[in-house]
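Structural description and commentary
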Amino acid sequence: MAESEVDLESEQYEKHREAGEILAQVREEAADRVEVGASQLEVAEWAEDRIRELGGQPAFPVNISVDEEAAHATPSIGDETTFGEEMVNLDIGVHVDGWLADTAVTVDLSGTPELAEASEQALEAALEIVEPGVETGEIGAEIEGVIDGYGYNPVVNLTGHGLGHWEQHTSPNIPNRAVSQGTTLEVGDVVAIEPFATDGGGKVTEGASEEIFSLQREGTVRNRQARDALEQITEEFRTLPFATRWLETDRPEMALRRLKRNDIVHGYPVLKEDDGSLVSQKEHTIIVTEDGCEVTTK
């Protein structure tokens, strides 16, 4: 997008800002509810309801990743899991008419505050160098340098990302380490920068559980529950991720199994570091401006 074509006051950017403002408030309020003994499901549902109350919609299910989990963990239907003395990452998204904001914060209940600080400081360092013309690889180098300085590893196979209209992950990718082949940021780019720091090996793998899904393609199914679920998915969530617990049909797990078997939806397995390790995360959404960036989720 050439600079002359970008109107940062246009309706789409105003909606990105509105989503960010709602999200900043919900992130702080939800983080205050994370404490030992509190219910994960109650925190997630409270945050999702609060987003709606403030005039937005959840852009994806509230992710609650604990200890070695890095992403895609969200409570299941009737989940009774409570927080222990753990490292807890809250990753929350909001959209206003499909225009998105995405943010994350680590609440450390594990007694490892330096790890939480590493991802937080890495994000600060990254934001300081963002401007039109900067390469995404340079941002990755800043993130990696800060996390290394704390004696931890960046998670190299997770990245920040662009945010599109009804699209949670678009280009450019924002790496969490130095890479030589990057993309150049331009005025008007809307991106989420999200450093992950770990005392593990620095690479996540897919776990067995899956509670988050999204529509892969349009299709038809004979089963009534699967049809009901597909109708809700297509109308309400479109291409954005949703949780099993959001489906209003009876027997939602079975409905999702059928839709998955027909390649109509795909699942997001929980992404995890080595067992016994910890992962921290900090994320903001930004709009690249003529002289730097505007953080919409501050």
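Computed from a prediction, not measured in an experiment: that's the story for all the values here.

A few words now on the sheet that holds strand S15 (residues 292–295). Paired through their backbone hydrogen bonds, the strands of a sheet run either parallel or antiparallel. The sheet built from five strands is open, its strands ordered S7-S6-S8-S14-S15 with antiparallel pairing. Only two strands of the sheet have a single neighbouring strand rather than two, namely strand S7 (170–174) and S15. In this sheet, neighbouring strand axes are inclined to one another by 30° on average, regardless of whether the strands run parallel or antiparallel. The sheet contact formed by strand S8 (residues 190–193) and strand S14 (residues 284–289) spans four bridges and is antiparallel. Following the sheet pairing, Ile193 is matched in S14 by His284. Across the sheet, helix H4 (residues 136–149) lies against S7 and S8, angled at about 40° from S7, the strand it touches most.

Attention now goes to the packing of helix H1 (residues 11–32) against helix H2 (residues 40–53). Interaxial distance between H1 and H2 falls to 10 Å at its minimum, and their mutual angle equals 155°. Put simply, H1 runs roughly antiparallel to H2. Between H1 and H2 lies a crossing whose hand is right-handed. Contacts between H1 and H2 involve Ile22, Gln25, Val26, Glu29 and Ala30 from the former and Val43, Trp46, Ala47, Arg50 and Ile51 from the latter. The class makeup of the residues in the contact of H1 with H2 is seven nonpolar, one polar and two charged.

Taken together, Glu128, Glu131, Glu138, Glu142, Glu290 and Asp291 make up a surface patch of like negative charges. Topologically, Glu138 is positioned in helix H4. Given a relative accessible area of 42%, Glu138 falls into the partly exposed group.

Before going further, it helps to examine the layout of surface pockets. Computed from the structure, the largest pocket encloses a volume of approximately 510 Å³. What lines the largest pocket is a set of 24 residues, and nearest its centre among them are His72, Gln168, His169, Pro241 and Tyr268. Going through the elements one at a time, strand S1 (57–66), strand S10 (205–215) and strand S12 (265–272) are the ones with two or more residues in the lining of the largest pocket. The greatest single-element share of the lining of the largest pocket, amounting to four residues, is contributed by S12. Lining the second largest pocket are 15 residues, and of these Leu163, Gly164, Gly188, Asp189 and Val190 lie nearest its centre. Those elements giving two or more residues to the lining of the second largest pocket turn out to be H1 and S7.

What follows is about the UniProt feature "binding site: a divalent metal cation 1" (unreviewed entry) in the protein. UniProt's entry tags Asp91, Asp102 and Glu283 with the feature "binding site: a divalent metal cation 1" (unreviewed entry), counted in the numbering of this structure. In summary, the annotated positions, though distributed over 193 residues, converge in three dimensions, the widest C-alpha pair being only 8.0 Å. When the annotated set is filtered for residues lining the largest pocket, what remains is Asp91 and Asp102. Along the chain, Asp91 falls in strand S3 (residues 87–96). Those residues in contact with Asp91 that sit more than four places away from it in its chain are Phe60, Pro61, Val62, Asn63, Asp102, Thr103, Ala104, Glu194, Gln281 and Glu283. Examined against the element boundaries, Glu283 turns out to sit in the loop between strand S13 (279–281) and S14.

Rules used in this analysis
- Residues numbered from 1 in each chain as written.
- Predicted model: local features only at pLDDT ≥ 70, side-chain atom pairs only at ≥ 80, totals over all residues.
- Heavy atoms only, no water.
- Pairing = 2+ DSSP bridges.
- Helix = DSSP H or I, 4+ residues; strand = E, 2+ residues; numbered from the N terminus.
- Axes fitted to C-alpha atoms, helices over the stretch in contact; angles between N-to-C directions.
- Contact = heavy atoms within 4.5 Å.
- Parallel < 35°, antiparallel > 145°, perpendicular 65-115°, else oblique.
- Left-handed = near helix turned anticlockwise from the far one by under 90°.
- Nonpolar A, V, L, I, M, F, W, Y, C, P; charged D, E, K, R; others polar.
- Patch = residues over 30% accessible without salt bridge, like charges linked within 9 Å, V, L, I, M, F, W, Y side chains within 5 Å.
- Areas by Shrake-Rupley, 256 points an atom, 1.4 Å probe, with all protein chains shown as cover.
- Salt bridge = Lys/Arg side-chain N within 4 Å of Asp/Glu carboxyl O.
- Lys, Arg positive; Asp, Glu negative; His and termini not counted.
- Charge placed at Lys NZ, Arg CZ, Asp CG, Glu CD.
- Buried < 20%, exposed > 50% of the residue type's maximum accessible area, 1.4 Å probe, protein only.
- 1 Å grid on protein atoms, 1.4 Å probe; cavity = no way out; pocket = protein on both sides within 12 Å on 5 of 7 lines; lining within 4 Å.
- Points joined across faces, edges and corners; volume = space filled by probe spheres on them.
- UniProt positions renumbered as here; feature names shortened; annotations may be inferred.

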